[in-house]
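As a plain string of letters, each chain reads:
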Amino acid sequence: MSKGNIAIGFLIGISTTIAGVFLFTTFFSDYSFEVSLHDSIQNDYFGKLIAIGAVLNFFPFFVFMRKKQIYHARGILLACLVVAVAIAVVKIRNF
């Protein structure tokens, strides 16, 4: 049962990161979502955009910790680690 809970937490973490990127670009960009993503890739700040989107993972993590759903919270942490590795790969690729 714990593997399923970790997978659910992981999916929530990835979904929250994607939602954070979408919300950030929607509220703080003058352009559409697609144009903003393309611009971030062209101007080498895509990793920063993903990192800002990952900030929203704090909310489900602390909710799961408060409800003592430790394995869901571990899934959120795993998603954060995957996002961090993805940002590092993007940075290294652009270096």
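Residues numbered from 1 in each chain as written. Predicted model: local features only at pLDDT ≥ 70, side-chain atom pairs only at ≥ 80, totals over all residues. Heavy atoms only, no water.

Once that is clear, we can look at the UniProt feature "transmembrane region" (unreviewed entry) in the chain. The feature "transmembrane region" (unreviewed entry), as given by UniProt, occupies residues 7-25, 45-64 and 76-92 in the numbering adopted here. A distance of 27 Å separates the end C-alpha atoms of residues 7-25, which is 100% helix and 0% strand. Along residues 45-64, the helical share is 80% and the strand share 0%, with 31 Å between the first and last C-alpha atoms. (UniProt positions renumbered as here; feature names shortened; annotations may be inferred. Helix = DSSP H or I, 4+ residues; strand = E, 2+ residues; numbered from the N terminus.)

For the rest of this paragraph, the subject is the environment of Arg93. When you line up the elements, Arg93 lands in helix H5 (residues 70-94). On the basis of relative accessible area, Arg93 is assigned to the exposed category, the value being 60%. In sequence terms Arg93 and Leu81 are 12 residues apart; their C-alpha atoms lie 18 Å from each other. (Buried < 20%, exposed > 50% of the residue type's maximum accessible area, 1.4 Å probe, protein only.)

Let us now look at helix H3 (residues 46-54). Within H3, the full set of buried residues consists of Gly47, Leu49, Ile50, Gly53 and Ala54. Along the axis of H3, the buried residues cluster in a sector spanning 160 degrees; they form a single face. (Arc of directions from axis to C-beta.)

Our next topic: helix H1 (residues 2-28). If you check H1, its first and last C-alpha atoms are 38 Å apart, about what 27 residues at 1.5 Å a residue would give, namely 39 Å. Taken as a whole, H1 has its buried residues at Asn5, Gly9, Gly13, Thr16, Thr17, Gly20, Val21 and Thr25. (Expected span 1.5 Å × (residues − 1).)

Right, let's get into unusual backbone geometry. Non-glycine residue Asp44 carries a positive phi angle of around 60 degrees. With respect to the helices and strands, Asp44 occurs in the loop between helix H2 (33-42) and H3. Residue Asp44 is classed as partly exposed on the basis of its relative accessible area of 44%. With phi around 60 degrees, Lys68 is a residue other than glycine that occupies positive phi space. By the element assignment, Lys68 lies in the loop between helix H4 (58-66) and H5. We classify Lys68 as exposed; its relative accessible area is 69%.

Now for the side chain of Ser36. Looking at where Ser36 falls in the secondary structure, it is placed in helix H2. Among the polar contacts listed, one links the side chain of Ser36 to the backbone oxygen of Ser32, at a separation of 2.9 Å. Beyond its immediate sequence surroundings of up to four residues, Ser36 is in contact with Thr25, Ser29, Tyr31 and Tyr45. (Polar contact = N/O pair within 3.5 Å; in protein donor to acceptor, adjacent residues only side chain to side chain. Contact = heavy atoms within 4.5 Å.)

This next bit is on the side chain of Thr25. Considering the arrangement of structural elements, one finds Thr25 in helix H1. Overall, Thr25 belongs to the buried group, its relative accessible area being 5%. One polar contact links the side chain of Thr25 to the main-chain carbonyl oxygen of Phe22, over a distance of 3.1 Å. Ignoring anything within four residues of it in the chain, the contact list for Thr25 reads Phe33, Ser36 and Leu49.

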